Amino acid sequence: MKKVIGKTLSAALALAMTVSIAACGSGNQSESSSSTSAASSSAATTSSVASGDPVKLTLWHIQTTEPMTSNIKADIDRFTKDNPKYSVDVEAMQNDAYKTKLKIALSSNTAPDIFFSWTGGPMNEYVDADKIVDLTPFMEKDNYKDRFMDAGINQATYKDKIWGVPVENTSVAMFFYNKDLFAKYNLQVPKTIKELEAVCDTLKKNGIIPFSLANKTQWTGSMYYMYLANRIGGADAFKNAAARTGSFEDESFKQAGTILQEWVKKDYFNKGFNGLDEDSGQSRTLLYTEKAAMTLMGSWFLSTAAGENKDFMSKVGSFPFPAVEGGKGEPDAVVGTVGDNFYHIAKTCKDPEGAFKAIQYMIDDTAIQKRIEAGRVPPVKGVKVSDPLLQNVLDAVQKAPSVQLWYDQYLSPELSDLHKSTTQALFGLSKTPEQVDKEMEAKAKELAEKN
Amino acid sequence: MQATRSLSEYRKKSTFIATTVFLLPVFFFILIFIIYPIIDSFWLSLHEWNGITSGKTFLGLENWKTLMGDKIFFKAFLNNMIIVVLSIAIQLPIAMAIAFLLDTGGKKLNFLKMIYFLPMLMSSVAIGFLFKYTYDPQFGLISAVDTMLGGEGMIDVLGDPRRAIFGVIAVVCWQFVPFYMVYFLAALSSLPVEIYEASIIDGASYGQYFWKVALPSMKGTIKSAAILSLVGSLKYFDLIYVMTQGGPDGATELMATYMYKNAFTIGKMGYGAAVASGMFIIITVISLVTLRVINGKEEA
């Protein structure tokens, strides 16, 4: 009998535990639902926000390397000091993890109020899904948008509205080279592809790798391809292909692929590039150790290399991607992004006006000055830099008749992934240019038909 | 008579109730964290969803049809099978050899036990980074050793589509041999000492003891190790993703990396879910069949 009592007792206890667990769950639920209802009610009555109640904002970015991390923190601190009713929770994350985290946050409506994103494909997706705030009225107020380089505003424009604020950097891809090595072998900065190839041949003869490349990352190799296609077919070849008024089987893509493969066959690139990782610096090591002479990279190269190897910077020179003889493209056109880190405001934000003010502090005069000191070119008009290498970047952008956004950001995620993997295959000589173009065209057609 | 029977029945009943009540919380957790996600991902696989919009479009079996004809998925599956076969063929014998050595070596080899176990203590991501540099054709260890031996160096492992998968498998083996070593070591040391002493008295050598006595009595352990290795290899992800991201040109693409790419990189959540569900079915079927085959032999 005793045992039975014991058993029932323990059973009751267990039952109580389960119930309490369940209760816990439901308790949480009611709490969270009450908080969301509070959120919606406060969103409905923005007047209470305006009256000076404390507002808490969240901000996500990916500037994890110093001094950028503390710069952004300082910008935001200035904002909260001038606007004491706001407090901002700033969180910095690693690039790759960020992409996934942001996506999940947006889909579950738990996105931060202010967040950085790329323009192009991803931004358009957020707009179509009604996840970010239309910033046109804010940008047009007092002609604030005129502060920015036109190409930057163009890049943040979709469906005739402005959705993001260009903030971080003007990043265009150009060649960075070792001046010492060029002097040693009596080489001139090449103006055309023929001259570039001659430079490469001389370097090769002397046991120096012409181009350092880490192409596990895929977008690195894509830079060579984009420039070649741009120089051969002009900016419109790609734009038309992407907009489906043209074709990825256009002659210019085929020629670009063919030249690339010639370069690979001539061993212009370091060995094993398809297995090396750009993010962990496996291509830059080749430059630092003077095993390689040149690299085609976004201009963030300057701040990255300065952070990694200050001594090396005295040897670095830069030149724009050379012209292709007989190509339709303008030799001054650049591939890159004017803005590189565009800040958006999530639709779930309770106080977009305040959030926009916070963003403005990240690109006000003080912030700009600090960005220049950190080796960046802020995407604003009339920016003045003293460093000749930064001046080169700025010149390239200002001279450029067109700025081609990186293909992998311009295209929809699916097509962009195909572009990256097929370019890697081109470099690996496992697919011919014709095959690659055919695959791209087929996928683009398929996606266009779906929509 | 009747009284006792009803009492035993009563007891049975109360035991049943008690067990049910005790198991209920666990059942809830399994339901929420295992059963529900599986069903939900099957459900998701019938939709088109980019992971951002609030609405999902119902597609029916469209994703599954695509999956059936997807060459990349098929190639990924083949890569998984290569890993399964090589993992079992390489990891288990090496682990067994080390385990036997350590077991017969006695206490003086205890420090080796520690050293051999080290790879297991590192995170896969760290191992991935470590070997990314080891395999570097210019500065890596492999190339350096080759130059020392008089070769040209510049050995490209991860960038060469033909070699990449084997380069990665070598690292996977390096990582998991210690696990099976410990597994076998435990089995070896749980063999009765009497058997060992008896075979020594009967004049058996170490080799004979191993092949004729220890190995046969460890059949069960080896089987479960093989199953573990099989399932692990079929759903392998982290190390390969860190080292190659499935590249170059899909040479090291696995079902799991392909799933991740579709769901989170490209943003085809529905198709990613279809790949995941396909994986779930394939792994379940292969595991069940293998279990059947292995256990069937035992009964015969």
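As the structure is a computational prediction, the values presented were derived from the model and not from experiment. (Residues numbered from 1 in each chain as written. Chains lettered and ligands numbered in written order. Predicted model: local features only at pLDDT ≥ 70, side-chain atom pairs only at ≥ 80, totals over all residues. Heavy atoms only, no water.)

So, about the overall build of chain B. Helix and strand counts for chain B stand at 13 helices and two strands. Taken over C-alpha atoms, the radius of gyration comes to 25 Å for chain B, far larger than the 19 Å a tight globule of 300 residues would show. Dimensions of chain B, computed from C-alpha atoms along their principal axes, come out at roughly 80 × 65 × 35 Å. By the burial criterion, 41% of the 300 residues in chain B qualify as buried. Contacts spanning at least 24 positions in sequence make up 67% of the contacts within chain B whose residues lie at least 6 apart. Of the roughly 16700 Å² of accessible surface on chain B, a fraction of 72% belongs to carbon and sulfur atoms. Between the mean site of the 22 positive side-chain charges and the mean site of the 19 negative ones, chain B shows a separation of 9 Å. (Helix = DSSP H or I, 4+ residues; strand = E, 2+ residues; numbered from the N terminus. Rg over C-alpha atoms; globule rule 2.2 N^0.38 Å. Buried < 20%, exposed > 50% of the residue type's maximum accessible area, 1.4 Å probe, protein only. Contact = heavy atoms within 4.5 Å. Areas by Shrake-Rupley, 256 points an atom, 1.4 Å probe, with all protein chains shown as cover. Lys, Arg positive; Asp, Glu negative; His and termini not counted. Charge placed at Lys NZ, Arg CZ, Asp CG, Glu CD.)

Residues and elements named next belong to chain B. Evaluation of the coordinates by the stated rule reveals 55 aromatic pairs over all chains. Judged by centre distance (5.1 Å) and plane angle (75 degrees), the ring pair of Y196 and Y209 falls under edge-to-face. In this pair, Y196 is assigned in helix 8 (residues 193–201) and Y209 in helix 9 (residues 206–217), connecting sequence segments 13 residues apart. The buried category is assigned to Y209, whose relative accessible area is 5%. (Phe/Tyr/Trp six-rings, centres within 6.5 Å; stacked < 30°, edge-to-face > 60°.)

This paragraph deals with the pairing of strand 10 (residues 316–319) of chain A. Residues and elements named next belong to chain A. Burial of the side chains of strand 10 extends over both faces: V316 and S318 are buried on one face and G317 and F319 on the other. Taken together, the four bridges between strand 7 (residues 169–178) and strand 10 define a ladder with antiparallel strand orientation. When the sheet's bridge partners are listed, F175 is paired in strand 10 with F319. (Pairing = 2+ DSSP bridges.)

Moving on, we come to the packing of helix 4 (residues 95–107) of chain A against helix 12 (residues 255–266) of chain B. The relative placement of two packed helices is expressed as an angle between their axes plus a distance between the axes. Contact geometry for helix 4 of chain A and helix 12 of chain B: axes closest at 9 Å, N-to-C directions at 65 degrees. The angle between the axes of helix 4 of chain A and helix 12 of chain B places the two elements in the roughly perpendicular class. Together, T100, K103 and I104 of chain A of helix 4 of chain A and Y260, F264, T265 and I266 of chain B of helix 12 of chain B make up the contact between the two elements. Taken together, the residues that form the contact of helix 4 of chain A with helix 12 of chain B break down as four nonpolar, two polar and one charged. (Axes fitted to C-alpha atoms, helices over the stretch in contact; angles between N-to-C directions. Parallel < 35°, antiparallel > 145°, perpendicular 65-115°, else oblique. Nonpolar A, V, L, I, M, F, W, Y, C, P; charged D, E, K, R; others polar.)

On to the pattern of salt bridges, then. Throughout the structure, instances matching the rule amount to 26 salt bridges over all chains. A salt bridge links R371 of chain A to E168 of chain A, with the nearest nitrogen and oxygen atoms 2.5 Å apart. Residue R371 of chain A is located in helix 16 (residues 365–373), and its partner E168 of chain A is located in the loop between strand 6 (165–166) and strand 7; the two are separated by 203 residues in the primary sequence. As far as burial versus exposure is concerned, R371 of chain A and E168 of chain A are alike and both buried. One salt bridge in this structure joins E446 of chain A and K443 of chain A, with 3.9 Å as the shortest N-O distance. Of the two residues, E446 of chain A and K443 of chain A both sit in helix 20 (residues 433–450), three residues apart, roughly one turn of that helix. Overlapping salt bridges bring together E414, K443 and E446 of chain A together with K268 of chain B as one network. (Salt bridge = Lys/Arg side-chain N within 4 Å of Asp/Glu carboxyl O.)

Of the residues lining the interface, 37 residues belong to chain B; the matching set on chain A comes to 41 residues. Surface buried jointly by chain B and chain A totals about 3400 Å² across both partners, of which 62% is contributed by carbon and sulfur atoms. When the area that chain B buries against chain A is broken down by residue, the three leading residues are I52, F139 and D249 of chain B, summing to 20%. Where chain B packs against chain A, one counts three salt bridges. Of the charged contacts, one joins D249 of chain B and K431 of chain A as a salt bridge, the two residues approaching to 3.7 Å between their closest N and O atoms. Counting the contacts that link chain B with chain A gives nine residue pairs in polar contact (both at pLDDT 80 or more). Where the side of chain B that touches chain A is concerned, the elements lending two or more residues are helix 1 (2–44), helix 5 (124–134), helix 11 (238–243) and helix 12 of chain B. Looking at the side of chain B that touches chain A residue by residue, the class counts come to 18 nonpolar, 12 polar and seven charged. (Buried area = accessible area lost by both parts, 1.4 Å probe. Polar contact = N/O pair within 3.5 Å; in protein donor to acceptor, adjacent residues only side chain to side chain.)

Residues and elements named next belong to chain A. Pairing is mixed across the open sheet formed by five strands, whose spatial order is 2-1-3-12-6. Of all the strands in the sheet, the pair left with one neighbour each is strand 2 (86–92) and strand 6. Pairing analysis gives four bridges linking strand 3 (residues 114–117) to strand 12 (residues 342–345), with the strands arranged antiparallel. Within strand 12, the position partnered with F116 by the bridge is Y343. Strands in contact with helix 15 (residues 352–362) are strand 1 (55–61), strand 2, strand 3, strand 6 and strand 12; relative to strand 12, the strand with the most contacts, it is inclined by about 165 degrees.

Bringing the layout of surface pockets into the picture now. If you add up the space inside the second largest pocket, you get close to 460 Å³. Along the wall of the second largest pocket there are 21 residues; nearest its centre are K271 and G272 of chain A together with D156, G159 and D160 of chain B. (1 Å grid on protein atoms, 1.4 Å probe; cavity = no way out; pocket = protein on both sides within 12 Å on 5 of 7 lines; lining within 4 Å. Points joined across faces, edges and corners; volume = space filled by probe spheres on them.)

This part takes up the nonpolar core. Formed by 136 residues in total, the largest nonpolar core has its most connected members in F211, Y224, W263, F269 and M294 of chain A. Element by element, the count of residues in this core is highest for helix 10 (residues 219–233) of chain A, at eight residues. Formed by 23 residues, the second largest nonpolar core is a distinct cluster that contains M96, A99, L191 and F210 of chain B. (Core = buried A, V, L, I, M, F, W, Y, C linked by side-chain atoms within 4.5 Å.)

So, on to unusual backbone geometry. Positive phi is not limited to glycine here, since D267 of chain A has a value of about 60 degrees. In this structure, D267 of chain A sits in the loop between helix 12 (251–265) and helix 13 (284–288). Even without glycine at this site, D249 of chain B takes up a positive phi of about 55 degrees. With respect to the helices and strands, the residue D249 of chain B is situated in the loop between helix 11 and helix 12.

Let us now look at empty space enclosed by the protein. The final tally for this structure, using the stated rule, is two cavities of 30 Å³ or more. Approximately 50 Å³ is the volume found for the largest cavity. Along its surface, the largest cavity is lined by Y225, F248, F253, Y407, H419, T422, V436, D437 and M440 of chain A. Elements represented by at least two residues in the lining of the largest cavity include exactly helix 19 (413–427) and helix 20 of chain A. The greatest single-element share of the lining of the largest cavity, amounting to three residues, is contributed by helix 20 of chain A. Space inside the second largest cavity adds up to approximately 40 Å³. Lining the second largest cavity we find G272, G275 and L276 of chain A together with K132, Y135, D136, P137, D156, V157, L158 and G159 of chain B.

Now for the confidence of the model for chain B. Averaged over all residues, the pLDDT of chain B is 88; the fraction at 70 or higher stands at 97%. The ipTM, which scores confidence in the relative placement of chains, is 0.81 for this predicted complex, and the corresponding pTM is 0.82. (pLDDT = per-residue confidence, 0-100.)

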